[in-house]
Amino acid sequence: MPEQRDALTELVAAHVGSGKRWSTRAFAEIAVDPVSGWSPSKSLVAKIAAGQTYDITPELVSALAIGLGLDREVVASAAHFQVIGYTASELEGGAPATLIHEIGNRPADTPKSRSVAERWAAEE
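Residues numbered from 1 in each chain as written. Predicted model: local features only at pLDDT ≥ 70, side-chain atom pairs only at ≥ 80, totals over all residues. Heavy atoms only, no water.

Peer 1: Teacher, can you tell me more about the overall build of the chain here?
Peer 2: A tally of helices and strands in the chain yields seven helices and zero strands. Helices and strands in the chain line up, N terminus first, as α-α-α-α-α-α-α. The proportion of buried residues among the 124 residues of the chain is 41%. Long-range pairs, those at least 24 residues apart, make up 59% of the contacts in the chain with a sequence separation of at least 6. For the chain, the exposed area adds up to about 6,900 Å²; of that, 52% sits on carbon and sulfur atoms. (Helix = DSSP H or I, 4+ residues; strand = E, 2+ residues; numbered from the N terminus. Buried < 20%, exposed > 50% of the residue type's maximum accessible area, 1.4 Å probe, protein only. Contact = heavy atoms within 4.5 Å. Areas by Shrake-Rupley, 256 points an atom, 1.4 Å probe, with all protein chains shown as cover.)

See below:
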């Protein structure tokens, strides 16, 4: 069974918000999808950093990659991890491994990850 965590949320939350590298406003200004020119609003960036529900789109992934200064493939791996999950062997190389290095190889403590952990514990 694939492991899931809120990797895209974790990635943004690690760099955006009060006392972090960027404020939500500053990040929203630099996170621009290079193809469409779309940029997330300040409120969407705050929502992501706070771990609230949001829709993941290709434009959002591209904009976040630009804003975070990461390869799009790494940010796309975070989105994949958050929505679909990865098996342990899939996390051993390439962009997923880079992602794990970027967000840290520790269990996340977010509402979604707690819910998944509780469901897995109930299944045992």
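The discussion continues.
Peer 1: Would you explain the packing of aromatic side chains in this entry?
Peer 2: Think of a pair of aromatic rings as described by two things: how far the centres are apart, and how the planes are tilted against each other in angle. Summed over all chains, the structure comprises one aromatic pair. With a centroid separation of 5.4 Å and 50° between ring planes, the pair formed by Trp22 and Phe27 is classed as tilted. With respect to burial, Trp22 and Phe27 carry one shared label: buried. (Phe/Tyr/Trp six-rings, centres within 6.5 Å; stacked < 30°, edge-to-face > 60°.)

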